[in-house]
Amino acid sequence: MYLSRQIEEYLPRPILELVNDISRQAGRLGQKVYLVGGVVRDLLLGYPNFDLDLVVEGDAVKLAQQVPETGQAKLLAHKRFGTAKLRYDDFTLDMATARKETYARPGALPAVTPGTLMDDLIRRDFSINAMAMSLAADNYGELIDPYQGKGDLERRLIRVLHSKSFTDDATRILRGVRYEQRFGFEFEAQTADLLERDIPMLNTISGDRIRHELELILKEKQPELAIKRLGELGVLATINPSLKGDGWIAEEFDRARRLKKPTQLSSLYFCLLIYSFTENDIEQLLVRLNIPAKLSRAMRDTLRLKTRPPLLDKPSLKPSEIYHLLTEYEPLAVQVNAIATESPTVRRSLQLYLTKLRYVRTALNGEDLKKLGISPGPEMGRVLRILHKAKLDGEVRTRADEKKLAVSSSLKLER
Ligand code: ATP
Ligand code: MG
């Protein structure tokens with residue numbers, strides 16, 4: 001089957017011309033280039049996907065270095081892995097030398113040697129991801145589908161390529177559920193059995209790799225679907241006994257998404273996942289997933305802040321009091337609590353802090369205070385804190401207000 005016509009309609013003209021240029025250059029070097037993986041799958045499904053993966057029978061790094069100067073591309077090459085990434089403004093091009101992989105033991109990173117396209121396809125996770133489309137002149141557009149991926153797309157099935165697939169690499173369990181839920185597919189019967197059998201193999205996988213796959217899940221449109229499914233399968237409990245994928249999670253994820261500017265949405269989801277954890281649970285998870293320092297702080301703060309409401313749950317708090325209660329916490333943790341708290345009063349305070357209070361600055365700085373005769377050091381520190389507090393509480397508005405307050409409070413301090 002040939003996809004020459006489909007690819008013309010699917011890829012924007014400049015991208016198509018670029019990959020065709022690359023392929024022509026490869027041809028001159030006696031090498032062949034293929035589109036592989038997600039983009040071929042999504043082309044057949046009719047979903048847009050501009051993260052293009054190219055496999056080169058030859059040398060991907062050399063080829064990438066010769067890509068005609070288009071001005072805007074950033075090249076990131078890994079000679080040792082035979083891979084190169086070209087990053088453009090609105091799409092990326094991953095180029096990889098076709099490789100053969102062997103697994104010394106379950107969960108280990110595979111040993112890699114150069115190989116053919118066929119070697120490169122059999123190392124892949126699922127039949128729907130193990131298709132390629134040739135870009136070479138002599139069979140341009142040919143679909144290469146040794147594992148009936150197209151048939152599985154039509155039957156809406158996720159199928160592994162061999163029975164040791166999840167044993168070799170149990171991250172595929174997480175990947176499989178991600179695709180199952182994204183596309184609304186099902187696991188093919190034997191794959192489903194293998195998956196259940198191999199869930200304990202997740203214990204052979206490093207924290208970084210599990211975390212990476214969880215992050216990919218949390219970047220899905222509706223990650224709660226995969227999270228729920230992973231809960232039902234017992235995958236979450238294998239990662240950490242307290243991880244749950246229940247209805248509460250779905251509701252909170254939905255609220256998180258509806259926030260105005262959810263910049264770090266996947267970190268936000270991550271913290272929601274641990275909202276009902278104990279301190280102990282959190283420490284275990286931080287170690288198991290080797291969570292980086294900043295997110296670790298946000299997770300710990302999420303819990304510390306959650307146990308603060310007795311102080312925060314008062315409608316009469318002044319803005320400066322709210323500020324001082326919250327300023328020591330990671331903003332992400334404040335955000336998580338604003339979403340998940342049951343108290344409307346607490347939520348209002350947290351929102352006020354997030355949207356306004358944390359940005360409040362005095363008009364006067366140290367230089368200005370010096371000019372007013374206030375000497376640098378502890379005294380100036382105290383005056384600045386007085387000004388900041390007054391500004392938070394709306395007691396001063398203008399620069400002139402601040403000057404007046406600065407002078408009078410420094411006089412008071414002197415006395
Ligand atoms: P999407 O990005 O839409 O989730 P994708 O297919 O591009 O889908 P990536 O995670 O970008 O997925 O991986 C690219 C390709 O690499 C996949 O299509 C798959 O064939 C292969 N791949 C990635 N991870 C694994 C793995 N753990 N085992 C086997 N193959 C993998
Ligand atoms: Mg991809």
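Engineer: Could you give an account of the packing of helix α18 (residues 319-326) against helix α20 (residues 344-355), with specific residues and numbers?
Structural biologist: Direction vectors running N to C along α18 and α20 enclose 85°, while the axes themselves pass 10 Å from each other. Viewed along their axes, α18 and α20 adopt a mutual orientation that is roughly perpendicular. Contacts between α18 and α20 pair Ile 322, Tyr 323 and Leu 326 from the former with Ser 349, Leu 350, Leu 352 and Tyr 353 from the latter.

Engineer: An account of the pairing of strand β5 (residues 92-97) is requested, with residue identities and associated values reported.
Structural biologist: Burial within β5 is extensive, with 5 of its 6 residues counted as buried. Pairing of strand β2 (residues 51-57) with β5 involves 6 bridges; the strand directions are parallel. Paired with Val 56 across the strands is Thr 97, a residue of β5. As paired elements, strand β4 (residues 83-87) and β5 share 5 bridges and run antiparallel to each other. Its bridge partner lying in β5, Ala 84 is registered against Met 95. Remark: 4 residues form the turn of the hairpin made by β4 and β5, two consecutive strands paired antiparallel.

Engineer: Requested: an account of the site of ligand 1, with residues and values cited.
Structural biologist: Around ligand 1, the surrounding shell holds 15 residues, and the nearest of these are Arg 41, Asp 169, Arg 172, Arg 178 and Arg 182. In this structure, Arg 41 approaches ligand 1 through a side-chain N or O atom, which is 2.8 Å from an oxygen atom. Asp 169 places a polar side-chain atom, nitrogen or oxygen, 2.8 Å from a nitrogen atom of ligand 1. Taking 590 Å² as the accessible area of ligand 1 by itself, protein coverage stands at 78%. When residues of the shell around ligand 1 are traced back to their parent elements, those giving at least two are α3 (38-45) and α8 (171-183). Top element by residues in the shell around ligand 1 is α8. It accounts for 6 residues. Its residues assigned to classes, the shell around ligand 1 comprises 1 nonpolar, 4 polar and 10 charged.

Engineer: Describe the packing of aromatic side chains, with residues and values.
Structural biologist: For the coordinates displayed, the defined rule picks out 9 aromatic pairs. For the ring pair Phe 126 and Tyr 179, a centre distance of 6.3 Å and an interplane angle of 80° mean the geometry is edge-to-face. Of this pair, Phe 126 sits in the loop between α5 (117-122) and β8 (132-134) while Tyr 179 sits in helix α8, placing them 53 residues apart in sequence. Note on Tyr 179: relative accessible area 5%, which makes it buried. Directly above the aromatic system of Tyr 179 lies the positively charged group of Arg 178, at a separation of 4.8 Å from the ring centroid.

Engineer: Explain a nonpolar patch on the surface to me, and be specific about the residues and the numbers.
Structural biologist: Together, Leu 372, Val 407 and Leu 411 make up an exposed nonpolar region whose accessible area comes to about 210 Å². The residue Leu 372 is located in the loop between α21 (366-371) and α22 (378-392) in this model. Take Leu 372: its relative accessible area is 31%, and that puts it in the partly exposed class.

Engineer: An account of the packing of helix α15 (residues 279-288) against helix α16 (residues 293-306) is needed here, citing residue identities and associated values.
Structural biologist: Orientation of α15 relative to α16, taken along the N-to-C sense of each, is 170°, at an axis distance of 10 Å. As judged from the angle between their axes, α15 and α16 are roughly antiparallel. Mapping the contact onto sequence places Glu 279, Ile 282, Glu 283 and Leu 286 in α15 and Ser 296, Met 299, Arg 300 and Leu 303 in α16. Taken together, the residues of the contact of α15 with α16 sort by class into 4 nonpolar, 1 polar and 3 charged.

Engineer: Before we move on, can you summarise the pattern of salt bridges with the specific residues and values?
Structural biologist: It is possible for side chains bearing opposite charge to pair when their charged atoms get close. Applying the stated criterion to the full structure yields 38 salt bridges. Glu 101 serves as the salt-bridge partner of Arg 123, at 3.5 Å between the closest nitrogen and oxygen. Residue Arg 123 is found in the loop between α5 and β8, and its partner Glu 101 is found in strand β6 (residues 99-102); the two are separated by 22 residues along the sequence. Overall, the relative accessible area of 22% leaves Arg 123 in the partly exposed class. Of the charged contacts in the structure, one is a salt bridge between Arg 159 and Glu 188, with a shortest N-O distance of 3.9 Å. A residue pair is termed long-range when its members are at least 10 positions apart, and Arg 159 in the loop between β10 (157-158) and α7 (165-168) and Glu 188 in the loop between β11 (186-187) and α9 (189-198) qualify at 29 residues. One network of salt bridges, with partners in common, ties together Arg 99, Glu 101, Asp 120, Arg 123 and Arg 124.

Calculation notes
Residues numbered from 1 in each chain as written. Chains lettered and ligands numbered in written order. Predicted model: local features only at pLDDT ≥ 70, side-chain atom pairs only at ≥ 80, totals over all residues. Heavy atoms only, no water. Axes fitted to C-alpha atoms, helices over the stretch in contact; angles between N-to-C directions. Helix = DSSP H or I, 4+ residues; strand = E, 2+ residues; numbered from the N terminus. Parallel < 35°, antiparallel > 145°, perpendicular 65-115°, else oblique. Contact = heavy atoms within 4.5 Å. Buried < 20%, exposed > 50% of the residue type's maximum accessible area, 1.4 Å probe, protein only. Pairing = 2+ DSSP bridges. Near = heavy atom within 4 Å. Polar contact = N/O pair within 3.5 Å; in protein donor to acceptor, adjacent residues only side chain to side chain. Areas by Shrake-Rupley, 256 points an atom, 1.4 Å probe, with all protein chains shown as cover. Nonpolar A, V, L, I, M, F, W, Y, C, P; charged D, E, K, R; others polar. Phe/Tyr/Trp six-rings, centres within 6.5 Å; stacked < 30°, edge-to-face > 60°. Lys NZ or Arg CZ within 6 Å of the ring centre and 35° of its normal. Patch = residues over 30% accessible without salt bridge, like charges linked within 9 Å, V, L, I, M, F, W, Y side chains within 5 Å. Salt bridge = Lys/Arg side-chain N within 4 Å of Asp/Glu carboxyl O.

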